[in-house]
Amino acid sequence: MTTRRSFLKSSAVYSASLLVAPNLLNYNHKYIGLQLYTVRDAMQNDPAATLAHVAKIGYNSVEGATYTGSQKFYGMEPAAFSRLLKQNGLIMPSSHYRLGEEKINGESQKGTMMSGWDKAIEDASAVGIKYMVCAYLSEQERGGLDHYKKLAQDFNKAGEMCKKAGIQFCYHNHNFEFEKQDGQFPYEVLLANTDKNNVKMEMDMYWVTKAGQDPIALINKHPGRFPLWHVKDMDKTPEKNFSEVGNGSIDFKQIFKSADKAGLQYFFVEQDKTPGDPFASITQSITYIKKNLV
């Protein structure tokens, strides 16, 4: 039985521990995720072996990088892919999709917001995906501020459709959204013209930082809009290349203190290019994360 004395003693010990690790108050998430684009070649060649390797390294969450109307998830139907995830103790709470405004060889891309979105949502639900993310805008899909306002309405519509299925729609940034047009950032245009409940953001820490922006300042300005993060580091060379988490110049310890204000639910390690074996790089990243961030 817990006595008042033992309760006070344990409370004192807990309070003291917070002085050592104050980030514990801000973040108590159990999932460490990997964006599968980092191991895209391996996923293309052997998704089963790749997911097993990712799980063995210690990741328990992944974010999909490939969905098409015909090939589904890495060539598998939703049920088969879902079983594969479960066999490896993985969840896939989020997956990337394309806008699909740009046509390839004169034809609309399938499984995108513009073509086959209903089916994409249905397949996402079957896998247990909670977040459907517009991953990227091609150069042809960007344009001026008026076009970004149109995109905002497209996002609102896609988000409303997702909401009906219990899924949250998000947009993933790069750095081109922070190139000013008529004194405005396209990113801010998207934030201002989208429904804050139906359209959230997946903040890519690397691209925000490379664009000369401050992730914490963005979070403070738009609290609750960033339930997903890409934890991607930037090396200390003049080229500002991709790097393993903890090996670069981005202060993730400070950023993670804003997790609650951001509305963070899941984060994913991503390294678009690695100096060698990508599995060695993601091992280095998760080692740092376990020791310093969670």
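Above this text sits the structure in question.
Rules used in this analysis
- Residues numbered from 1 in each chain as written.
- Predicted model: local features only at pLDDT ≥ 70, side-chain atom pairs only at ≥ 80, totals over all residues.
- Heavy atoms only, no water.
- Buried < 20%, exposed > 50% of the residue type's maximum accessible area, 1.4 Å probe, protein only.
- Helix = DSSP H or I, 4+ residues; strand = E, 2+ residues; numbered from the N terminus.
- Pairing = 2+ DSSP bridges.
- Right-handed = clockwise from strand over helix to strand, strands pointing away.
- Axes fitted to C-alpha atoms, helices over the stretch in contact; angles between N-to-C directions.
- Phe/Tyr/Trp six-rings, centres within 6.5 Å; stacked < 30°, edge-to-face > 60°.

Caption draft 1: Up close: the pairing of strand S5 (residues 168-172). Burial of S5 is extensive: 5 of the 5 residues sit out of reach of the surface. Pairing of strand S4 (residues 131-134) with S5 involves 4 bridges; the strand directions are parallel. Note on S5: the bridge partner recorded for Met132 is Phe169. Read as a crossover between parallel neighbours, the route from S4 over helix H7 (residues 145-164) to S5 is right-handed. The pairing of S5 with strand S6 (residues 199-204) spans 4 bridges and is parallel. Within S6, the position partnered with His172 by the bridge is Glu202. Where the polypeptide runs from S5 across helix H8 (residues 186-192) and back to S6, its parallel neighbour, the crossover connection is right-handed.

Caption draft 2: Here's a closer look at the sheet that holds S4. The 8 strands lie next to each other as S1-S2-S3-S4-S5-S6-S7-S10, forming a closed barrel whose pairing is parallel. Direction aside, the axes of adjacent strands within the sheet are offset by 30° on average. With 3 bridges joining them, strand S1 (residues 33-35) and strand S2 (residues 61-64) adopt parallel strand pairing. Across the sheet, the residue bridging to Gly33 is Ser61, located in S2.

Caption draft 3: Expanded view of the packing of aromatic side chains. Scanning the entire structure with this criterion turns up 18 aromatic pairs. When the centroid spacing of 5.3 Å and the interplanar angle of 55° are considered together, the rings of Tyr67 and Tyr97 count as tilted. In this pair, Tyr67 is assigned in the loop between S2 and helix H5 (78-87) and Tyr97 in strand S3 (residues 91-97), connecting sequence segments 30 residues apart. When its relative accessible area of 2% is taken as the criterion, Tyr97 is described as buried. Between Phe256 and Phe267, the ring centres sit 5.3 Å apart and the planes meet at 85°, which makes this aromatic pair edge-to-face. With Phe256 in helix H11 (residues 252-256) and Phe267 in strand S10 (residues 266-269), this pair connects stretches of sequence that are 11 residues apart.

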